[in-house]
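# Structural overview
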Amino acid sequence: MYSRWCAVTIHAVRALAGTGEAERSIPGIVIAALSLAVMPFLSAAQRKAGRELGSASAVADSKQTLLCTYLSAVLLVGLVLNATLGWSWADPIAALAIAAFAVKEGRDAWQGKGCCATPAAAAVPSAGTETDGCGCRPGWDCCG
């Protein structure tokens, strides 16, 4: 993970400094647009399945998938601005935003900060346990 965000950051800074320039990427635009179209539905399906199964990890994964949707949007904006308006700086700016987000998420994960954390006492809910209005069982911190 470290090497990826580091490489992205280095290439983005080089592009902004004028020693490298982002090229148009039609395949990148298509993939980012498809991701942006599919990810919200995948996230909703993961969240629903996770709640039905009582799986905090599946619900947390749905949140990560939704965050990937936002990252796809940032990527798409950078790629489209570069391709259509010739703003070669837009792509590296988007890359830096994504790299900063990756560092934040990695730091949060390392520190144990996570969405849908389940207290040890509620890790294995008993059969027939009631759920709240959003489908979460008592003691579960289900995210949106």
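Basis of the calculations
Residues numbered from 1 in each chain as written. Predicted model: local features only at pLDDT ≥ 70, side-chain atom pairs only at ≥ 80, totals over all residues. Heavy atoms only, no water. Helix = DSSP H or I, 4+ residues; strand = E, 2+ residues; numbered from the N terminus. Buried < 20%, exposed > 50% of the residue type's maximum accessible area, 1.4 Å probe, protein only. Contact = heavy atoms within 4.5 Å. Salt bridge = Lys/Arg side-chain N within 4 Å of Asp/Glu carboxyl O. Core = buried A, V, L, I, M, F, W, Y, C linked by side-chain atoms within 4.5 Å. Phe/Tyr/Trp six-rings, centres within 6.5 Å; stacked < 30°, edge-to-face > 60°. Axes fitted to C-alpha atoms, helices over the stretch in contact; angles between N-to-C directions. Parallel < 35°, antiparallel > 145°, perpendicular 65-115°, else oblique. Left-handed = near helix turned anticlockwise from the far one by under 90°. Nonpolar A, V, L, I, M, F, W, Y, C, P; charged D, E, K, R; others polar. 1 Å grid on protein atoms, 1.4 Å probe; cavity = no way out; pocket = protein on both sides within 12 Å on 5 of 7 lines; lining within 4 Å. Points joined across faces, edges and corners; volume = space filled by probe spheres on them.

### Quick notes on the overall build of the protein chain
Per the secondary structure count, the protein chain includes 4 helices and 0 strands. Taken from the N to the C terminus, the helices and strands of the protein chain come in the order α-α-α-α. Relative to its full complement of 144 residues, the protein chain shows a buried share of 27%. The contacts in the protein chain between residues at least 6 apart in sequence include a share of 64% that link residues at least 24 apart.

### Remarks on the pattern of salt bridges
Tallied over the entire structure, the rule returns 1 salt bridge. For Glu52, the salt bridge goes to Lys48, with nearest N and O atoms at 3.9 Å. Taken together, the residues Glu52 and Lys48, both in helix H2 (residues 26–53) and 4 residues apart, mark about one turn of the helix.

### Concerning the nonpolar core
Ile29, Ala32, Leu76, Leu79 and Ala83 together form the largest nonpolar core, which totals 5 residues. Of all the secondary structure elements, the ones that give two or more residues to this core are H2 and helix H3 (56–85). Examining the composition of this core, we find that 3 residues originate from one element, H3, more than from any other. Sequence-distant contacts of Ile29, that is, excluding residues within four places in its chain, are made with Leu76, Leu79, Val80 and Ala83.

### Brief notes about the packing of aromatic side chains
Inspection of the entire model under this criterion finds 1 aromatic pair. Considering the side-chain rings of Trp87 and Trp89, the 5.2 Å spacing of their centres and the 20 degrees angle between planes classify their relative orientation as stacked.

### Description of the packing of H3 against helix H4 (residues 90–110)
Contact pair H3 / H4: the axes reach a minimum separation of 7 Å and the direction vectors enclose 160 degrees. By the angle between their axes, H3 is roughly antiparallel relative to H4. At the point where H3 passes H4, the crossing takes the left-handed sense. Contacts between H3 and H4 pair Gln64, Leu67, Leu71, Val74, Leu75, Gly78, Leu79, Leu81 and Asn82 from the former with Ala90, Asp91, Ala94, Ala97, Ile98, Phe101 and Glu105 from the latter. Classifying every residue of the contact of H3 with H4 by side-chain character gives 11 nonpolar, 3 polar and 2 charged.

### Things to note about the layout of surface pockets
Any empty space left between the atoms is revealed when a probe the size of a water molecule rolls over them. In this structure, the largest pocket encloses a volume near 270 Å³. In this structure, the largest pocket is lined by Val8, Ile31, Ala32, Ser35, Leu71, Ser72, Leu75, Asp91, Ala94, Ala95 and Ile98. For the lining of the largest pocket, the secondary-structure elements that each account for two or more residues are H2, H3 and H4. A class-by-class count of the residues in the lining of the largest pocket yields 8 nonpolar, 2 polar and 1 charged.

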